[in-house]
Amino acid sequence: MTTEHKKWELRLYIAGHTEKSVTALNNLRRYCEEHLKGQYKIEVIDLLRKPQLAEGDQILATPTLVRKVPEPIRKIIGDLSNEEKVLVGLNIIPA
Amino acid sequence: MKTTNNTKQKKENKTLPSLQKSPTGISGLDEVTGGGIPKGRPTLVCGEAGSGKTMLSIEFIVKGAMQFNEPGVIMTFEERAAELAVNVASLGFDLEKLQADKKIKMDYVHISRAEIQETGEYDLDGLFIRLGHAIDSIKAKRVVLDTIENLFGGLDNEGILRAELRRLFTWLKDKGVTAIITGERGEGKLTRYGLEEYVSDCVILLDHRVVNQISTRRMRIVKYRGSLHGTNEYPFLIDAEGISVLPVTSLKLDKEITSDRISSGIPTIDEMLGSKGFFRGSSILISGTAGTGKTSIATAFADGVCQNKERCLFFAFEEPPLQIIRNMRSINMDLNKHVKAGLLKFCGARPTLYGLEMHLVAIHKEIQQFKPSVVILDPITNFISIGSISEVKNMLIRLVDFLQNEQITVMFTALTLNDQMNDQTDEAISSLVDSWLLIKDIEYNGERNRAMYVMKSRGMKHSNQVREFVISDDGLELIDVYVGPDGVLTGSAREAQMLQEETGVAIHNYALSRKDREIMRKRKVLESKIANLNSEFESVEEELNKVYEEEELRKQILSKNREMMQTIRRGNGADEPQNTKK
């Protein structure tokens, strides 16, 4: 568990409301509630509506979770079904 | 054609009648492919690192935007857009401006395994959306994905990747864009990750080989579904103006032929060739050992061509052009004025500068720019240093083909080393030249002289005589050689023979005049004899005449006496004594 006091800014890129994106969003919400309660902000970006945003964060795959804050930027792609991987990937728990 | 109307997209089926092609604008490539790469389909360009894949695809996009009014998207997985722009700026491609004009859109896709974690299912919709957005924003007709295989390096789940790539290529077809996908050459297959499985309409393989430390780029159309295409390996060149591919071997021998003649610049050589010179558009070989004046003949030809206000391109592979100009001044040939008038252009390059194919491409380019009516290559034998004889021959065949198509006369010079090597080098190219002049050294009587003859000259009457080839301060000349009892006489032996003959004539003349004088003398003697006889005859005649006159006189006197006697006898006695007295 992290001891950092920074606020977490997470961004989830999806392409329409597919099964994968719904799963990913649900998973993410769950992990955040568990580990980062009150310290996080999730922004969901649907690339079908805002395709121009894909370039900025170098999005290839969907769904992609981007940790904007804290730096450095981290990306996790997939439906986030593996909790440990997500937590390690976001550096919420040490590897 | 198999994926005509999969999902969305407009009225497809436009490819039904025959395969539509999208011109690349890359010089030579469109000829090789018969009009370009398949329109509305992906084409795979594969090759090793540094083989020019990126250059080819960028040029495809830039030319499309500039020449064919087809905007294009460059999605690069390797180089940052800015880096790419700098890299191709050397070719005069201003990517920044084209981007500002909305002719081109560049997108750099950065993938780094370090930054990315994968958990669970995903797809590459992000990439599709990015590409789709880029295409739609400038209404692109052309797309380049360079090198999409980098995805394999950045993402772990190959199963998903492969499925998504397959979907991507289908999607590109549905979008109706003409795409080039580049891929790194793999071991034993065309691309490292087997992209050729997905892109099967047109595959172009680029190659970069180094032989004898000289590199040559080559291109081959491995596959072009539904279209004829050249199957050879075509060399190509990347230079200051981009890529030039050489569609080198013309498939047919159906070039136009003229019977126009072009002077060799040396009147005596023209004389040997039916008094008219070479055929225009033919190929001429001048071969000979070192120092026999091959370059001099070639420059004389160039000089003659320029004096007729035609253009001549001179490739000097041995001497620097300025040196040639200086040297030719010594035989009364001013090439500099032709150079200044823009009629003569020298291209000096050491053969080892680049590979054979590159030379060929470079020669092509120069010819297409300068548009000469005569091309001279001096000498071609130096190419042996960078390729085998058969390779050189191949290159020359292709060059001659090209030149004959363009109705350009070409003259090669070839160095023959000595008599054993002699015909090997020559034979390699003799079958492709139309006229072949051979210069030989004749070493005799302590000196070396040059003799020239016409080995062959297709389609014209030509002399079978060996002539002595003389280079003097006034230029080049052919002189009849003297054939003496010891063989052919040249140089001072010929001079000696000429002197000897002159002496003979003088002696002969002297003898003649002596005889004349003797006759004169004889005549004089005769004439004086005749005069003697004449005077003798006159005296005899006079003698005779005297007798006649006396006789006459006597007759007269006799008849007078008789008359007197008669008178006396008739009685006139007084007169009688007078008469008898007499």
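Residues numbered from 1 in each chain as written. Chains lettered and ligands numbered in written order. Predicted model: local features only at pLDDT ≥ 70, side-chain atom pairs only at ≥ 80, totals over all residues.

Considering the overall build of chain B
Okay, step 1: For chain B, the count of helices and strands is 16 helices and 25 strands.
Okay, step 2: Counting the 582 residues in chain B, one finds 41% classified as buried.
Okay, step 3: Considering only residue pairs separated by 6 or more positions, chain B has 69% of its internal contacts joining residues 24 or more positions apart. (Helix = DSSP H or I, 4+ residues; strand = E, 2+ residues; numbered from the N terminus. Buried ≥ 20, exposed ≤ 12 C-beta atoms within 10 Å, placed from the backbone. Contact = placed C-beta atoms within 7 Å.)

Concerning the overall build of chain A
Okay, step 1: Within chain A one finds 3 helices and 4 strands.
Okay, step 2: Along chain A, helices (α) and strands (β) appear in the sequence β-α-β-α-β-β-α when read from the amino end.
Okay, step 3: Across the 95 residues in chain A, those meeting the buried criterion constitute 41%.
Okay, step 4: When contacts within chain A are restricted to residue pairs at least 6 apart in sequence, long-range pairs at least 24 apart make up 64% of them.

As for the sheet that holds strand β21 (residues 447–457) of chain B
All names here are of chain B.
Okay, step 1: Spatially, the 9 strands line up as an open sheet ordered β17-β16-β18-β19-β15-β20-β21-β22-β23, and their pairing is mixed. Each of the sheet's edge strands pairs with one partner strand only, and the pair in question is β17 (344–348) and β23 (475–480). Neighbour-to-neighbour, the strand axes of the sheet open up by a mean angle of 25°, direction not taken into account.
Okay, step 2: Inspection of the sheet shows β21 paired to strand β22 (residues 467–472) by 2 bridges, in the antiparallel sense. Residue A451 lies in a different strand from β22, and its bridge partner there is E468.
Okay, step 3: This element, helix α9 (residues 294–307), spans β15 (283–288), β16 (312–316), β17, β18 (374–378), β19 (409–415), β20 (435–444), β22 and β23 of the sheet and lies at about 165° to β18. (Pairing = 2+ DSSP bridges. Axes fitted to C-alpha atoms, helices over the stretch in contact; angles between N-to-C directions.)

As for the interface of chain B and chain A
Okay, step 1: At the junction of the two partners, chain B supplies 21 residues and chain A supplies 29 residues.
Okay, step 2: Among the elements that make up the side of chain B that touches chain A, the one with the highest residue count is helix α5 (residues 125–138) of chain B (7 residues).
Okay, step 3: Grouping the constituent residues of the side of chain B that touches chain A by class yields 7 nonpolar, 7 polar and 7 charged. (Nonpolar A, V, L, I, M, F, W, Y, C, P; charged D, E, K, R; others polar.)

So, the nonpolar core
Okay, step 1: Counting 163 residues, the largest nonpolar core has V143, V245, F301, A302, C312, V375 and I376 of chain B as its most contacted members.
Okay, step 2: With residues near it in sequence (within four places) discarded, C312 of chain B still touches A302, V305, C306, L343, L344, P372, V374 and I376 of chain B. (Core = buried A, V, L, I, M, F, W, Y, C linked by C-beta atoms within 7 Å.)

As for the sheet that holds strand β8 (residues 178–184) of chain B
All names here are of chain B.
Okay, step 1: Read across the open sheet, the 9 strands follow the order β5-β4-β7-β8-β3-β9-β10-β11-β12; overall the sheet is mixed. The two strands at the open ends of the sheet, each matched to only one other strand, are β5 (104–108) and β12 (242–245). For this sheet the average axis-to-axis angle between neighbouring strands, irrespective of direction, equals 20°.
Okay, step 2: Alignment of strand β4 (residues 72–76) against strand β7 (residues 142–146), held across 5 bridges, turns out to be parallel. Bridging from a neighbouring strand, M75 pairs with L145 of β7.
Okay, step 3: Along the sheet face, helix α2 (residues 53–67) touches β3 (42–47), β4, β5, β7, β8, β9 (202–211), β11 (233–239) and β12 and points at about 160° away from the line of β7.

With respect to the pairing of strand β3 (residues 64–69) of chain A
Residues and elements named next belong to chain A.
Okay, step 1: Note: strand β1 (residues 8–14) against β3, 5 bridges, orientation antiparallel. When the bridges of β3 are listed, E9 appears paired with V69.
Okay, step 2: As paired elements, β3 and strand β4 (residues 74–77) share 4 bridges and run antiparallel to each other. If you follow R67 over to β4, its bridge partner there is R74.
Okay, step 3: What sits between the antiparallel neighbours β3 and β4 is a turn of 4 residues.

Regarding α5 of chain B
All names here are of chain B.
Okay, step 1: Helix length check: α5, at 14 residues, gives a terminal C-alpha distance of 20 Å against a target of 20 Å (1.5 Å per residue), a fit within 8%.
Okay, step 2: When α5 is considered as a whole, its buried residues turn out to be D125, G126, L127, F128, I129, R130, L131, A134 and I135.
Okay, step 3: Following α5 by one or two positions, K139 has its phi on the positive side, about 50°. (Expected span 1.5 Å × (residues − 1).)

A look at the confidence of the model for chain B
Residues and elements named next belong to chain B.
Okay, step 1: Averaged over every residue, the pLDDT of chain B is 82; residues scoring 70 or more account for 91%.
Okay, step 2: Taken element by element, chain B is modelled with least confidence in helix α16 (residues 576–581), mean pLDDT 49, and with most confidence in β4, mean pLDDT 92.
Okay, step 3: Across residues 1–15 the pLDDT falls below 50, and counting only partners more than four positions away or on other chains, this stretch makes 16 contacts in the model.
Okay, step 4: Both scores are available for the predicted complex, with the pTM at 0.67 and the ipTM at 0.88. (pLDDT = per-residue confidence, 0-100.)

Quick look at helix α13 (residues 389–405) of chain B
An α-helix turns once every 3.6 residues. As a result, residues three or four positions apart point the same way.
Residue and element names in this part refer to chain B.
Okay, step 1: Between its first and last C-alpha, α13 extends 24 Å over 17 residues, near the 24 Å set by a 1.5 Å rise per residue.
Okay, step 2: Every buried residue of α13 is accounted for by V392, K393, M395, L396, R398, L399, F402, L403 and Q404.
Okay, step 3: Positioned one or two residues after α13, Q407 has a phi angle of 60°, which is positive.

Things to note about the confidence of the model for chain A
Okay, step 1: On average, residues of chain A carry a pLDDT of 84, and 92% of them reach 70 or more.
Okay, step 2: Segment residues 1–5 of chain A: pLDDT under 50, and 4 contacts once partners within four positions in sequence are set aside and those in other chains are kept.

Some details on the environment of I389 of chain B
Okay, step 1: Tracing the backbone shows I389 of chain B in helix α13.
Okay, step 2: With 40 residues separating them in the primary sequence, I389 of chain B and I429 of chain B have C-alpha atoms 9.0 Å apart.

Focus on the packing of helix α12 (residues 356–370) of chain B against α13 of chain B
Residue and element names in this part refer to chain B.
Okay, step 1: Close contact between α12 and α13 brings their axes to 10 Å; oriented N to C, the two are set at 15°. The orientation of α12 relative to α13 falls into the category roughly parallel. Relative to α13, α12 is oriented so that their crossing is right-handed. Of the residues in α13, those touching α12 at L356, L360, I363 and H364 are E391, V392, M395, R398, L399 and F402.
Okay, step 2: When grouped by side-chain class, the residues that make up the contact of α12 with α13 number 7 nonpolar, 1 polar and 2 charged. (Parallel < 35°, antiparallel > 145°, perpendicular 65-115°, else oblique. Left-handed = near helix turned anticlockwise from the far one by under 90°.)

Overview of the pairing of β19 of chain B
Residues and elements named next belong to chain B.
Okay, step 1: Burial analysis of β19 places 7 of its 7 residues in the buried class, the great majority of the element.
Okay, step 2: Residue alternation in β19 divides its side chains into two sets, T409, M411, T413 and L415 and V410, F412 and A414, and both sets are buried.
Okay, step 3: Bridge count between β18 and β19: 4 bridges; the pairing is parallel. In the sheet register, V375 faces β19, and the bridge partner there is V410.
Okay, step 4: Handedness of the β-α-β unit built from β18, α13 and β19 comes out right-handed. (Right-handed = clockwise from strand over helix to strand, strands pointing away.)

Describing unusual backbone geometry
Okay, step 1: In this chain, V69 of chain A is followed by P70 of chain A through a cis amide linkage whose omega measures 0°.
Okay, step 2: With respect to the helices and strands, the residue P70 of chain A is situated in the loop between β3 and β4.
Okay, step 3: Following D146 of chain B, the chain continues into T147 of chain B via a peptide bond in cis, with omega recorded as -25°.
Okay, step 4: In the Ramachandran plot, S275 of chain B falls in the positive-phi region, its phi being about 65° despite a non-glycine side chain.
Okay, step 5: With respect to the helices and strands, the residue S275 of chain B is situated in the loop between α8 (267–272) and β14 (278–279).
Okay, step 6: Note on S275 of chain B: 12 C-beta atoms within 10 Å, which makes it exposed.

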